[in-house]
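# Descriptive analysis of the structure
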Amino acid sequence: YAIGIDAAPEMVAVARRKATRSGKIVEFEVGLIEKMDFPDNSFDAVLSSLMMHHLPDDLKLQGLFEIRRVLKPGGRLLIVDIQRMEGSRQHMLMPIVLHRSVPTGIQDLGALMQEAGFVQIETGDLKFKMLGFVRGLKGS
């Protein structure tokens, strides 16, 4: 069983349509990363895909504390998002793809996760070079 949240009602509607078409059982709700409407220790795992780069660092940290709150002890967090690109070629491509530059990237989230109480934090690259991941476990 899975629950998805997004701050934009339009995106929740799109996700519901896609889930219905694919026959997947997923509940979608309008919600905010910094104030999730779920009890403490509700989830075994949380996945965040391609949204953290939209947030300022203070809201990222607040959201990570909130994710930690809703995870069960030992629960896992996986974030897939945009890499902070370096070099002239990447600086030209990033604004074209994202319509803006990304001053921080997935590489920078490990420190914020640690500050929010996550442990065993790992980062890595994905096949699509603009994307990377960071994952960790809810610490005690």
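The coordinates are above.
What comes next concerns the included structure. (Residues numbered from 1 in each chain as written. Predicted model: local features only at pLDDT ≥ 70, side-chain atom pairs only at ≥ 80, totals over all residues. Heavy atoms only, no water.)

Here we come to helix α1 (residues 9–22). With 14 residues, α1 ought to run about 20 Å at 1.5 Å a step, and its terminal C-alpha atoms sit 20 Å apart, in line with that. Inspection of α1 places Val-12, Ala-15 and Ala-19 among the buried residues, and these make up the whole buried set. Taken down its axis, α1 places every buried residue within 60 degrees of arc, on the same side. Exposed positions of α1 whose direction lies more than 90 degrees from the buried face are Glu-10, Lys-18, Thr-20 and Arg-21. Contact partners of the buried residues in α1: β1 (2–6) and β2 (26–30). (Helix = DSSP H or I, 4+ residues; strand = E, 2+ residues; numbered from the N terminus. Expected span 1.5 Å × (residues − 1). Buried < 20%, exposed > 50% of the residue type's maximum accessible area, 1.4 Å probe, protein only. Arc of directions from axis to C-beta. Contact = heavy atoms within 4.5 Å.)

Take the packing of aromatic side chains next. Two descriptors summarise a pair of aromatic rings, namely the distance from one centre to the other and the angle between the planes of the rings. Inspection of the entire model under this criterion finds one aromatic pair. Here the aromatic rings of Phe-38 and Phe-43 are separated by 5.0 Å at their centres, their planes lie at 90 degrees, and the arrangement is edge-to-face. Take Phe-38: its relative accessible area is 12%, and that puts it in the buried class. (Phe/Tyr/Trp six-rings, centres within 6.5 Å; stacked < 30°, edge-to-face > 60°.)

This part is about the layout of surface pockets. Of the volumes computed, that of the largest pocket is approximately 1200 Å³. Considering the residues around the largest pocket, the lining is formed by 33 residues, among which Gly-4, Ile-5, Asp-6, Leu-47 and Ser-49 are closest to the centre. Every element with two or more residues in the lining of the largest pocket is listed here: β1, α1, β2, β3 (43–49) and α2 (57–70). Examining the composition of the lining of the largest pocket, we find that six residues originate from one element, β3, more than from any other. Tallied by class, the residues present in the lining of the largest pocket amount to 25 nonpolar, five polar and three charged. (1 Å grid on protein atoms, 1.4 Å probe; cavity = no way out; pocket = protein on both sides within 12 Å on 5 of 7 lines; lining within 4 Å. Points joined across faces, edges and corners; volume = space filled by probe spheres on them. Nonpolar A, V, L, I, M, F, W, Y, C, P; charged D, E, K, R; others polar.)

The pairing of β1 with β2 spans five bridges and is classified as parallel. For Ala-2, the partnering residue across the bridge sits in β2 and is Val-26. (Pairing = 2+ DSSP bridges.)

Taken residue by residue, a regular strand's side chains alternate between the two faces of the sheet. Looking at chain direction, β3 and strand β4 (residues 71–82) are connected through six bridges and run parallel. Considered in β4, the bridge of Val-46 is made with Leu-77. As for the winding sense of the linkage, the β-α-β connection from β3 through α2 to β4 is right-handed. (Right-handed = clockwise from strand over helix to strand, strands pointing away.)

Looking now at the sheet that holds β3. To summarise the sheet geometry, strands pair through backbone hydrogen bonds and adopt either a parallel or an antiparallel arrangement. With mixed pairing, the four strands of this open sheet are ordered in space as β3-β4-β6-β5. Only two strands of the sheet have a single neighbouring strand rather than two, namely β3 and β5 (118–125). Going from strand to strand, the sheet's axes swing by 10 degrees on average, the running direction of each strand aside. Lying over the sheet, α2 contacts β3, β4, β5 and β6 (131–138), oriented at roughly 140 degrees with respect to β4. (Axes fitted to C-alpha atoms, helices over the stretch in contact; angles between N-to-C directions.)

A word on empty space enclosed by the protein. Counted by the stated rule, this structure contains one cavity of 30 Å³ or more. For the largest cavity, the calculated volume is near 40 Å³. Of the residues in the lining of the largest cavity, the class split is three nonpolar, three polar and two charged.

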